[in-house]
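# Secondary and tertiary structure notes
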Amino acid sequence: MSQDGFGVDYEKLQAAVKDLEAARDEADQLANSSRFIGPDELTAKDDITDSARQAFQARMSGSEGSLVSAANDIRLKLDKKIEAYKEVLREYGLAEDNASVAQRNTDRES
């Protein structure tokens, strides 16, 4: 199916969207599970160890530069790509509908 030299493999694009959605869901699960990661090996009950534990915790699940924020960034990028692909699919569907209507009109006039 092509129009003006542009073709869309509808089935492959749908499959790509499903793959991207699965990857987005994995990134979301990673972000959620990473919120609970902690330096459990730091078990001493002194101030220095407590400070180290807090620093490690912030680095692993803090708002910037952590695994959680990286997974969230990946999820946002995947969301944008998924939406772009879905928009192509919507436009392709409209073009196909318009072509079908035009073909029916041509057939009736013949």
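Since we're looking at a predicted model, the values are computed, not measured.

### Section: the overall build of the chain
Each helix and strand in the chain was counted, giving three helices and two strands. Pairs at least 24 apart in sequence give 58% of the contacts found in the chain among residues at least 6 apart.

### Let's talk about the pattern of salt bridges
Oppositely charged side chains may form a pair once their charged atoms are brought near each other. Within this structure, the stated rule accounts for eight salt bridges. With its nearest N and O atoms 3.1 Å apart, the salt bridge here joins E21 to K86. Highlighted residues: E21 in helix 1 (residues 10-34) and K86 in helix 3 (residues 67-109), separated in sequence by 65 residues. Linking R75 and D28 is a salt bridge whose minimum nitrogen-to-oxygen distance equals 3.5 Å. Of this pair, R75 sits in helix 3 while D28 sits in helix 1, and the two are 47 residues apart along the sequence. Note on R75: relative accessible area 22%, which makes it partly exposed.

### Quick notes on the nonpolar core
As a rule of thumb, soluble globular proteins bury nonpolar side chains together. By size, the foremost hydrophobic cluster in this structure holds eight residues: V8, L13, V17, L20, L78, I82, L89 and Y92. Put simply, the parts of the chain that give this core at least two residues each are helix 1 and helix 3. In terms of residue count, helix 3 provides more of this core than any other element does, four residues in total. Those residues in contact with I82 that sit more than four places away from it in its chain are V17, L20, E21 and R24.

### Some details on the confidence of the model for the chain
Residues of the chain with pLDDT of at least 70 account for 78%, and the chain-wide mean is 80. Of all secondary-structure elements in the chain, the lowest mean pLDDT belongs to strand 1 (residues 2-3), at 48, while helix 1 reaches the highest, 92.

### Notes on a nonpolar patch on the surface
Judged by side-chain polarity, L30, I37 and L67 come together as a nonpolar surface patch covering roughly 210 Å² of accessible area. As for its position among the elements, L67 is in helix 3.

### A short note on the side chain of T49
Within the secondary structure, T49 is located in helix 2 (residues 47-61). In this view, T49 contacts L42, T43 and A44; residues no more than four positions away in its chain are not counted.

### Some details on helix 2
Between its first and last C-alpha, helix 2 extends 21 Å over 15 residues, near the 21 Å set by a 1.5 Å rise per residue. Measuring from the backbone nitrogen of I48 back to the side-chain oxygen at the start of helix 2 gives 3.1 Å, which picks out D46 as the cap.

### A word on the environment of L67
With a relative accessible area of 37%, L67 lands in the partly exposed category. In this structure, the C-alpha to C-alpha distance between L67 and R35, residues 32 residues apart in sequence, is 8.6 Å. Ignoring anything within four residues of it in the chain, the contact list for L67 reads L30, S34, I37, R59 and M60.

The rules behind the values
- Residues numbered from 1 in each chain as written.
- Predicted model: local features only at pLDDT ≥ 70, side-chain atom pairs only at ≥ 80, totals over all residues.
- Heavy atoms only, no water.
- Helix = DSSP H or I, 4+ residues; strand = E, 2+ residues; numbered from the N terminus.
- Contact = heavy atoms within 4.5 Å.
- Salt bridge = Lys/Arg side-chain N within 4 Å of Asp/Glu carboxyl O.
- Buried < 20%, exposed > 50% of the residue type's maximum accessible area, 1.4 Å probe, protein only.
- Core = buried A, V, L, I, M, F, W, Y, C linked by side-chain atoms within 4.5 Å.
- pLDDT = per-residue confidence, 0-100.
- Patch = residues over 30% accessible without salt bridge, like charges linked within 9 Å, V, L, I, M, F, W, Y side chains within 5 Å.
- Areas by Shrake-Rupley, 256 points an atom, 1.4 Å probe, with all protein chains shown as cover.
- Expected span 1.5 Å × (residues − 1).
- Polar contact = N/O pair within 3.5 Å; in protein donor to acceptor, adjacent residues only side chain to side chain.

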